[in-house]
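The lines below spell out each chain.
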Amino acid sequence: MNYSALKIGLFIPCYVDQFYPQVGIATLELLEKLGCTVTFPLSQTCCGQPMANSGFAHLTTPCDNLFYDQFATCDYVVSPSGSCVLHIKEHLKAEDRADESKVLRKKVYELVEFITDVLKIDRIEAEFPYRVGLHQGCHGQRGLHLSQMSELNAAPFSKPVTLLKKVKGLELVDLDRTDECCGFGGTFCVSEEAVSVKMGKDRVADHIRHNAEFITGSDMSCLMHLGGILQRNNSNVQIKHIAEILNSAVKKQIPVPI
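For clarity, every value in this text was computed on a predicted model and none was experimentally measured.

(A) Summary view of the packing of aromatic side chains. Scanning the entire structure with this criterion turns up nine aromatic pairs. Between Phe 11 and Phe 71, the aromatic rings sit 6.1 Å apart at their centres with planes inclined by 80 degrees, giving edge-to-face as the arrangement. Highlighted residues: Phe 11 in the loop between β1 (8-10) and α1 (14-19) and Phe 71 in helix α4 (residues 61-71), separated in sequence by 60 residues. Look at Phe 11 and you get buried, because its relative accessible area is 1%. A network of ring pairs unites the aromatic residues Phe 11, Phe 67 and Phe 71 as a single cluster.

What follows is the structure in structure tokens.
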């Protein structure tokens, strides 16, 4: 299929837009490298997940209406956030447009999911020569099924791992607990701060124990949580969204004329 002829809507979550704009830029550049024609509606805003998760789902109607108005005409909607995508897939309901909202829900994809399941890419032109640990976010794993859950007696798979293994020079480290929650959980990290921090420290320790230089994942919210713990402990381990890695290339040194 010629995906350049399709209209791909790029949905960037509000926290990514405000705190990690480089992730949105990397997502756009990566999709364009893979042959997609991407549009970015400028009036988009929060999907409403924070309110819904806090018990105020009745206040998310304006968010649903705006999302529908911005993206309804797209062939696909792609976002670098498993948690936001899962919320939209399960809860989007624009006012007086319930049936139309169900149609739009099915067009919304998380970035890794879109690359593997829709584009079916078998080659990634990227280079990232570092030891990388993968954090499997709960929403992506248990909601979007980006990877198999270890508690199931089923064949293992991981869409993020499949893509990362295509990156030149990247060494993926083996963790002790590959799908353990980091403890962020959106508003959970506020209401259960101590538990959230302890869970995050456990996840960070697993990556450090296996000499990871970077921690990556599909949810910048999880990475933000882990990154905060790393910074407070003056660790050299860095966080980097999977879109940035898949879009990365080693910059060649240009000789300086003498």
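Next, the rest of the story.
(B) Main features of the nonpolar core. If you look at the biggest cluster of nonpolar residues, it comprises 67 residues, and the most contacted ones within it are Phe 67 and Phe 114. Not counting chain neighbours up to four residues away, the residues in contact with Phe 114 comprise Ile 8, Leu 31, Cys 36, Tyr 76, Val 78, Tyr 109 and Leu 119.

(C) Up close: helix α2 (residues 21-33). The end-to-end C-alpha distance of α2 is 18 Å, a good match for the 18 Å that 13 residues give at a rise of 1.5 Å each. A positive phi of about 95 degrees marks Gly 35, the residue just after α2.

(D) Here's a closer look at unusual backbone geometry. Of note in this structure, Asn 211 is not a glycine but carries a positive phi near 60 degrees. Even without glycine at this site, Asn 234 takes up a positive phi of about 55 degrees. With respect to the element layout, Asn 234 can be found in the loop between α12 (220-232) and β8 (238-239). Judged by its relative accessible area of 68%, Asn 234 falls in the exposed class.

How each quantity is defined
Counting starts from 1 at the beginning of each chain's written sequence and moves along it residue by residue. Where local features are concerned, this predicted model is filtered to residues with pLDDT of at least 70; where side-chain atom pairs are given and counted, the filter is 80 or more; whole-chain, interface and lining totals use all residues. Here the side-chain values reflect all heavy atoms present in the structure, with hydrogen atoms and water set aside. Two rings from Phe, Tyr or Trp (for Trp, the six-membered ring) form a pair when their centres sit within 6.5 Å of each other. Planes less than 30 degrees apart are called stacked, planes more than 60 degrees apart edge-to-face, and all others tilted. Going along the chain from the N terminus, every DSSP run of H or I of four or more residues is numbered as a helix, and every run of E of two or more is numbered as a strand. Each residue's exposure class comes from its accessible area (1.4 Å probe, protein chains only) as a fraction of the maximum for that residue type: buried when under 20%, exposed when over 50%, partly exposed otherwise. By nonpolar core we mean a set of buried residues, namely Ala, Val, Leu, Ile, Met, Phe, Trp, Tyr and Cys, connected to one another through side-chain atoms within 4.5 Å. Note on contacts: a residue pair qualifies if any of its non-hydrogen atoms lie within 4.5 Å across the two residues. Working rule for helices: expected span equals 1.5 Å times residues minus one.

As far as function goes, none of this settles anything; it's purely spatial.
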